[in-house]
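# Observations on chain architecture
Listed here are the chains, written in short residue letters.
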Amino acid sequence: MKRLFFAVAASLMLPLTGCGDDASGGAVEPKMSSIQTEILNKSCAVSSACHIGSNPGGDLNLEAANAYSQLVDVDSVQADAATAGLKRVKAGSSAESLLYLKLIGDDYGDQMPQRAAQLSLEKIKAVQEWIDAGAAND
């Protein structure tokens, strides 16, 4: 219940906050292709990040060829009580998607990305909208 409350509260606050952009790129559309280009490629699947190559963090390789199939409707491998039963991305429900919950910094382990510069609210909102619209591979 706490998880759902926090996700709903965060989703209500996002449109009310500033839409400044972080240093990792430009505007993001709520589409997989845009999220891949502007977020995953720049913040997650780069040589200084965790989710790339043959030994990616959390067994999650977010390079373009792998990202969708490793995210959508895939059970989380994070092993703790808070994430039990969560999907990495549950199509249609950002509130039940570990990716979104980690981006907003909820109580699900380290906030992602782990670098000092977190994603802008605009980018997080694009991920949320993409998930809530069904997480299409577009």
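Note: the structure precedes this text.
Quick look at the pattern of salt bridges now. The tally for this structure, following the rule as stated, stands at 4 salt bridges. In this structure, K87 and D75 form a salt bridge, with 2.8 Å as the shortest nitrogen-oxygen distance. Taken together, the residues span a long stretch of sequence, with K87 in the loop between helix 3 (67-71) and helix 4 (98-103) and D75 in the loop between helix 3 and helix 4 at a distance of 12 residues. We note a salt bridge from K90 to E96, for which the minimum N-O separation is 3.3 Å. What makes K90 partly exposed here is its relative accessible area of 32%.

To continue, consider the nonpolar core. Formed by 27 residues in total, the largest nonpolar core has its most connected members in I35, L40, L62, L71, V89, V127 and W130. Only helix 2 (32-44), helix 3, helix 4 and helix 5 (121-132) provide two or more residues apiece to this core. Once residues within four sequence positions are removed from consideration, V127 is found in contact with I35, I39, L99 and L103.

Quick look at unusual backbone geometry now. Its identity as a non-glycine residue notwithstanding, D73 has a phi of 60°, on the positive side. Of note, D73 is situated in the loop between helix 3 and helix 4. Phi is positive for A135, close to 55°, though the residue is something other than glycine. Take A135: it is sitting in the segment after helix 5. Relative accessible area serves as the criterion here: at 0%, A135 is assigned to the buried category.

What counts as what
- Each chain has its residues counted from 1, running along the sequence as written.
- Per-residue local features are limited, in this predicted model, to residues with pLDDT of at least 70; the limit for side-chain atom pairs, both in listing and counting, is 80 or more; totals at the level of whole chains, interfaces and linings are taken over all residues.
- As a rule here, side-chain values come from all non-hydrogen atoms in the structure, and water together with hydrogens is ignored.
- Salt bridge, as used here: a side-chain nitrogen of Lys or Arg that lies within 4 Å of a carboxyl oxygen of Asp or Glu.
- The numbering of helices and of strands both runs from the N terminus, where a helix is a DSSP run of H or I of at least 4 residues and a strand a run of E of at least 2.
- Three exposure classes are used, based on accessible area relative to the maximum for each residue type with a 1.4 Å probe and protein chains only: buried under 20%, partly exposed in between, and exposed over 50%.
- As used here, the term nonpolar core means buried Ala, Val, Leu, Ile, Met, Phe, Trp, Tyr and Cys residues forming a set that is joined through side-chain atoms within 4.5 Å.
- Contact criterion: two residues are considered in contact whenever any of their non-hydrogen atoms come within 4.5 Å of each other.

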